[in-house]
Amino acid sequence: MKKSLLAVALLGAFAGVAHAQSAVQIYGTVDAGMIKRTDQTLAIGKRANNTLGFKGTEDLGNGLKALFQLEIRYEPDSGTIEQGGNGVQRPLFQGQSRVGLQGDFGMVRLGRGLTAFQETSTGFEPFHGVPSPVGFQTDLTVAGYTSDPLGLVGNSTNRFSNALFYNSPEFSGFQINTTIATKEANNNAPFVGRGSTAFPQFPANWEAPVNPFSVSGTYKNGPIAAMLAYERNAVEHKLMSAAASMMVSPSLKLMGSYTRQDRATTVLANPKTKAWVLGANYTMGPGKFMAGYGQKTPDGVAKTKQFSLGYEYSLSKRTYLYVDASRKQANVNLATPGVTTKINTYDVGVNHAF
Amino acid sequence: MKKSLLAVALLGAFAGVAHAQSAVQIYGTVDAGMIKRTDQTLAIGKRANNTLGFKGTEDLGNGLKALFQLEIRYEPDSGTIEQGGNGVQRPLFQGQSRVGLQGDFGMVRLGRGLTAFQETSTGFEPFHGVPSPVGFQTDLTVAGYTSDPLGLVGNSTNRFSNALFYNSPEFSGFQINTTIATKEANNNAPFVGRGSTAFPQFPANWEAPVNPFSVSGTYKNGPIAAMLAYERNAVEHKLMSAAASMMVSPSLKLMGSYTRQDRATTVLANPKTKAWVLGANYTMGPGKFMAGYGQKTPDGVAKTKQFSLGYEYSLSKRTYLYVDASRKQANVNLATPGVTTKINTYDVGVNHAF
Amino acid sequence: MKKSLLAVALLGAFAGVAHAQSAVQIYGTVDAGMIKRTDQTLAIGKRANNTLGFKGTEDLGNGLKALFQLEIRYEPDSGTIEQGGNGVQRPLFQGQSRVGLQGDFGMVRLGRGLTAFQETSTGFEPFHGVPSPVGFQTDLTVAGYTSDPLGLVGNSTNRFSNALFYNSPEFSGFQINTTIATKEANNNAPFVGRGSTAFPQFPANWEAPVNPFSVSGTYKNGPIAAMLAYERNAVEHKLMSAAASMMVSPSLKLMGSYTRQDRATTVLANPKTKAWVLGANYTMGPGKFMAGYGQKTPDGVAKTKQFSLGYEYSLSKRTYLYVDASRKQANVNLATPGVTTKINTYDVGVNHAF
């Protein structure tokens, strides 16, 4: 009897710890490797995003949950917070900073994070959405579109600040995700657009004329998944995207996406860009092969063409090695819009989740 | 007997984990909501401070404890570290960064944190000290006073850097709290004061002529609590404050504060400001009503008057929803010192502690 | 039998928590004290580095392990990220940001951290490598050398970014550590060297002409330890160092180091600096005495001489109090290269590990 009491006491103490644990979960990834681009010196850098996050859920009863997530992004090669162009440091919680409630009605969150389109689209990209140039996500999958043109200089281009996020529950495989942001100013740099440097179309720290929003609908049915998305940013650039994937066999997944953006509000000539990406993933034991091909067709500029091959070898559920090779052909100088340059990129590295 | 041994082994292993746990405790809050000010666009932002903290205590025996606390502050709507004026990022551990010892003698800490006055005063404010303009803390409760006029641009105005903090034990309901800072320079911007832009009274990165200090005494006796405080900052602005609260019934708390600051060392005319705030909290089931009214009377400028109503509804011990309405009437243009402007502020949101 | 099952279930649940625990370990130190330098006002600051870190290892089987470590550095007196000269904030994970694999072959890591020489040398310094001027590490132990002259302004001078780290296993007491960095540019400020302000030898954001590398070999045999190191940085400054220590008795440790750097690639006259440090540690119950004397001899400038005494008193395994006194005599004005200034430094404080 005494032993039993001890065990119960132990269980109680244990539950206490388990409860404390459930309040905050710390997680993250470290991804570092060596990268060689034909026209650049050998570099050490990342292939996937590097994260250190804090998240938790609280059961409020009646199927209601409170939840939050704060995610630091960083560069392991230099130890800094994630950097945008020119080495500008992004927000501390660049990954996301959101709080909200989840229940039968779906999930409502407030804060900053990927837009509904940007978050959904990564599921249809052959390199699972890594930001590396060996993948397609940041250039071709989104057709060169930026979700946050009035954000801070160096900020990422696929997030909304000051936003309300809603994800519906799944009905017979269908789900709707929406993101809507306020018009409030975010200390943006001037955005010239149809104006001039002296009189930019959107001056510094400008309030958006419209509420940016993003909506994506997904459908899942056994081996098939599909997405339809529409987004309008703070300067009324419009994006439309459709994508689908299919598990042809337990080890082979095929996928494709088509995206179109229209920048007619800020560009006088050639405001449209179209892009498509086709890809395949093939799993063999602890190894996974990835292949993709895509094109981007901006109005009045030579096509971008990219072909990429990748391989991930899992040492465990949390750790894998990777090696990739990519060839990209794109216009890099707008003064000669018909000319393209070929760039080969190779990388090899390790990705560890914790 | 074997089972018993197993249980003991288990208990030992368990104690090991529990001990490791006790070394660092991770805690925090996420507060996000929608805010509408009469003269501004609808915004997403915070009502309370947003924190992600790391703290711990170590039992040194004989009633002695070592303790530390590091508290990140952030803005969930933009994912950045907490920002001061003009979007300037504050220190990473803006909440506090302190280490010290606690024993029969009280608690001694070194580092950076709220001054004794600023920390104590939040207990007598009807909106429990939230920095939102719907509350009174940051403007009226402190009579417009700043504790750190020679701090970095954008830094908070209620903390001392480079400080020694002492809290006495409680004697028959009485407790004394003191904070004293060094004179060392902190890369401050020039503080014009009685000088000119060319010859500021306190040039950039200036050593304080005196040691800033803050002292507060509190008294608690059943339903009654009271505070008396005095503070002198690095430019010898002086502040005096008195406050009291009373639990009239188990659900009704009344409170009031009176604060006076004197900036005679840096201002030639009208150096004095007085302010008072009266407030009430009424608890009903999971709901809590808050009401407050206050006035600030700066020498030579029209009075500030503020009336605020708030409601918090607890979904659990860790999560509540809130809605507030506030009307403030204040002079906003020193060129017309007798003219006031009315500003209404409304907010609704969620606060989740973890 | 039921009890036994309960205990097993408990053990299982427990193992689950223990496993989750092992994924991320949070650790750190807080060190704060009062410092008085003869020519400066009393200040509050640090003696040792202040850290908040996240690390973990994953057992991959067959003796292979994945490991990562991310270490924040901060200033407890101001709550900011660790600062370099002029208050410039260093990278968030200034301590280190590395990921890698460990096995029979040794340990391979990618990222940013102390170079092989810098990391090894702290073991032969009488104040265990603290960055405080009461110790010898940052000036005399390294003979004024900087490992990262093309790093960001304000960055620490003892780390490589974009580096590959290899530590061999120990063979009969011998171990080899190597660090090699890429040539990639890191947004450095111009480095004038043999050029002029208008035409610096290394312009802003310059690619290193050579791969910086660092190698250290150590030998341990009972009470004896020794080190031999060589390093070449991105501007081809060369460093050679030798050091040894001996436990004369269980409580007395003697140590010494000799270091030489050659800056011939960037300095026309007087490119060489030599330095040596002798030290002793004496442990008595919970107390530890530290003493050191060293000299630095830069070509063409008066010698630097430093004598330091320190005492650490452990309140527990994780917490100690310290008090130090140091006298340093050094040239501070290159216009009068033969003249030295005497500076005394005293400190007293607390160091708490968590």
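Conventions we followed
- Residues numbered from 1 in each chain as written.
- Chains lettered and ligands numbered in written order.
- Predicted model: local features only at pLDDT ≥ 70, side-chain atom pairs only at ≥ 80, totals over all residues.
- Heavy atoms only, no water.
- UniProt positions renumbered as here; feature names shortened; annotations may be inferred.
- Helix = DSSP H or I, 4+ residues; strand = E, 2+ residues; numbered from the N terminus.
- Rg over C-alpha atoms; globule rule 2.2 N^0.38 Å.
- Buried < 20%, exposed > 50% of the residue type's maximum accessible area, 1.4 Å probe, protein only.
- Contact = heavy atoms within 4.5 Å.
- Areas by Shrake-Rupley, 256 points an atom, 1.4 Å probe, with all protein chains shown as cover.
- Least-squares fit on C-alpha atoms with pLDDT ≥ 70 in both.
- Patch = residues over 30% accessible without salt bridge, like charges linked within 9 Å, V, L, I, M, F, W, Y side chains within 5 Å.
- Salt bridge = Lys/Arg side-chain N within 4 Å of Asp/Glu carboxyl O.
- Phe/Tyr/Trp six-rings, centres within 6.5 Å; stacked < 30°, edge-to-face > 60°.
- Buried area = accessible area lost by both parts, 1.4 Å probe.
- Polar contact = N/O pair within 3.5 Å; in protein donor to acceptor, adjacent residues only side chain to side chain.
- Nonpolar A, V, L, I, M, F, W, Y, C, P; charged D, E, K, R; others polar.
- Core = buried A, V, L, I, M, F, W, Y, C linked by side-chain atoms within 4.5 Å.
- pLDDT = per-residue confidence, 0-100.
- Pairing = 2+ DSSP bridges.

Per an unreviewed UniProt entry, chain A is named Porin, and its organism is Massilia eurypsychrophila. The annotation that UniProt attaches to chain A under Subcellular location (unreviewed entry) is "Cell outer membrane". Recorded in UniProt for chain A, the comment headed Subunit (unreviewed entry) runs: "Homotrimer."

A. Examining the overall build of chain A more closely. Per the secondary structure count, chain A includes 3 helices and 18 strands. Here the C-alpha atoms of chain A give a radius of gyration of 22 Å, agreeing with the 20 Å that 2.2 N^0.38 yields for 354 residues. Expressed along its principal axes, the backbone C-alpha trace of chain A runs to roughly 85 × 45 × 45 Å. Within chain A, buried positions represent 50% of all 354 residues. Across chain A, every contact between residues at least 6 apart in sequence was considered, and the portion connecting residues at least 24 apart equals 53%. Accessible area of chain A: about 15,100 Å², with a carbon and sulfur share of 61%.

B. Region of interest: the relation of the copies chain B and chain A. With an axial shift of 0.0 Å and an RMSD of 0.0 Å, the rotation relating chain B to chain A amounts to 120°. Taken together, the rotation and translation relating the two chain copies correspond to the operation of a three-fold axis. The residues that chain B uses at the interface reappear at the interface of chain A in only 17% of cases, marking distinct surfaces.

C. Representation of a nonpolar patch on the surface. Residue and element names in this part refer to chain B. There is a patch of nonpolar side chains on the surface, built from Y258, W276, L278, Y293, F307 and L309 and spanning about 540 Å² of accessible area. Of all the elements in the fold, those that place two or more residues in the nonpolar patch are β14 (272–284) and β16 (304–314). Mapped onto the elements, W276 comes out in strand β14.

D. Broad picture of the packing of aromatic side chains. Summed over all chains, the structure comprises 30 aromatic pairs over all chains. Aromatic pair F174(C) and Y219(C): ring centres 4.5 Å apart, planes at 35°, arrangement tilted. In this pair, F174(C) sits in strand β9 (residues 174–181) while Y219(C) sits in strand β10 (residues 213–221), placing the two residues 45 residues apart along the sequence. The rings of F54(A), F54(B) and F54(C) are connected pair by pair, giving a single aromatic cluster.

E. How the structure looks around the interface of chain B and chain A. In this assembly, 36 residues from chain B lie in contact with 35 residues from chain A. Summing the contributions of chain B and of chain A, the shared interface buries around 3,200 Å²; its carbon and sulfur component is 76%. Between the two partners, chain B and chain A, sit 0 salt bridges. Joining chain B to chain A, the criterion identifies 9 residue pairs in polar contact (both at pLDDT 80 or more). Contributing elements (two or more residues each) for the side of chain B that touches chain A: α1 (2–23), β1 (25–37), β2 (43–45), β3 (51–61), β4 (64–75), β5 (80–81), β17 (319–330) and β18 (341–353) of chain B. Partitioning the side of chain B that touches chain A into residue classes produces 22 nonpolar, 11 polar and 3 charged.

F. Fine view of the nonpolar core. Core analysis: the biggest nonpolar cluster contains 57 residues, and F54(A), F54(B) and F54(C) have the highest contact counts within it. Setting aside its immediate chain neighbours within four residues, F54(B) contacts F54(A), V24(B), Q25(B), I26(B), Y27(B), F68(B), Q69(B), L70(B), I72(B), L52(C) and F54(C).

G. The environment of Y293(B), seen in detail. All names here are of chain B. Summarising the element assignment, Y293 is placed in strand β15 (residues 287–298). Given the relative accessible area of 31%, Y293 is considered partly exposed. With 33 residues separating them in the primary sequence, Y293 and S326 have C-alpha atoms 9.8 Å apart. Leave out the neighbours within four places in its chain, and Y293 touches F136, W276, V277, L278, K305, Q306 and F307. There is a polar contact of 3.1 Å between the side chain of Y293 and the side chain of Q295.

H. Just the environment of I44(A), in detail. Structurally, I44(A) can be placed in strand β2 (residues 43–45). Taking relative accessible area as the criterion, I44(A) reaches 4% and is therefore assigned buried. Put simply, I44(A) and G151(A) are 107 residues apart on the chain and 28 Å apart in space, counted from C-alpha to C-alpha. Setting aside residues no more than four positions away along its own chain, I44(A) makes contact with G33(A), M34(A), D77(A), L110(C), N162(C), A163(C), L164(C), T182(C) and E184(C).

I. Expanded view of the confidence of the model for chain A. Taken as a whole, chain A shows an average pLDDT of 92; of its residues, 94% reach a score of 70 or greater. Reported confidence for the predicted complex is 0.90 by ipTM and 0.92 by pTM.

J. Quick look at the pairing of β3(B). Residues and elements named next belong to chain B. Bridge count between β1 and β3: 5 bridges; the pairing is antiparallel. Its bridge partner lying in β3, T29 is registered against T51. Turn length for the β3-β4 hairpin, with the two strands adjacent in sequence and antiparallel, is 2 residues, and the turn residue N62 shows positive phi of about 55°.

K. Layout of unusual backbone geometry. Residue and element names in this part refer to chain A. One non-glycine residue with positive phi stands out, namely A143, at about 55°. Along the polypeptide, A143 turns up in the loop between α3 (137–141) and β8 (159–167). Residue A143 is classed as buried on the basis of its relative accessible area, which comes to 1%.

L. Structural view of the side chain of S121(B). Residues and elements named next belong to chain B. Among the structural elements, S121 can be located in helix α2 (residues 116–121). S121 gets classed as buried once you look at its relative accessible area, which sits at 3%. Separated by 3.0 Å, the side chains of S121 and Q137 make a polar contact. Filtering out sequence-adjacent residues up to four positions away, S121 remains in contact with Q137, T141 and M227.

M. Focus on the side chain of S214(C). All names here are of chain C. Looking at where S214 falls in the secondary structure, it is placed in strand β10. A relative accessible area of 0% places S214 in the buried class. At 3.0 Å, the side chain of S214 forms a polar contact with the backbone nitrogen of F117. There is a polar contact of 2.9 Å between the side chain of S214 and the side chain of E231.

N. Representation of the pairing of strand β10 (residues 213–221) of chain A in the model. Residues and elements named next belong to chain A. As paired elements, strand β9 (residues 174–181) and β10 share 7 bridges and run antiparallel to each other. If you follow I176 over to β10, its bridge partner there is G217. For β10 and strand β11 (residues 224–232), the ladder comprises 9 bridges, and the chain directions are antiparallel. By the bridge assignment, V215 is partnered in β11 with Y230. Linking β10 back to β11 in an antiparallel pair, the connection comprises 2 residues, with G222 at a positive phi of about 55°.

O. The arrangement of the pattern of salt bridges in detail. Scanning all chains against the criterion turns up 33 salt bridges over all chains. Where D324(B) meets R47(B), a salt bridge forms, and the shortest distance between an N and an O atom there is 2.7 Å. Here D324(B), found in strand β17, pairs with R47(B), found in the loop between β2 and β3; they are 277 residues apart in sequence, far enough to count as distant. Across the pair, exposure class does not vary: D324(B) and R47(B) are buried alike. When the shortest N-O distance is used, the salt bridge between K296(C) and D139(C) registers 2.7 Å. A residue pair is termed long-range when its members are at least 10 positions apart, and K296(C) in strand β15 (residues 287–298) and D139(C) in helix α3 (residues 137–141) qualify at 157 residues. Owing to a relative accessible area of 12%, K296(C) belongs among the buried residues under this scheme. The network of salt bridges with common partners includes K46(A), E71(A), R73(A), E75(A), E82(A) and R90(A).

P. Highlighting the environment of G287(C). With respect to the helices, strands and loops of the structure, G287(C) is situated in strand β15. Excluding residues that lie within four positions of it along the chain, G287(C) makes contacts with Y282(C), Y311(C), E312(C) and Y313(C).

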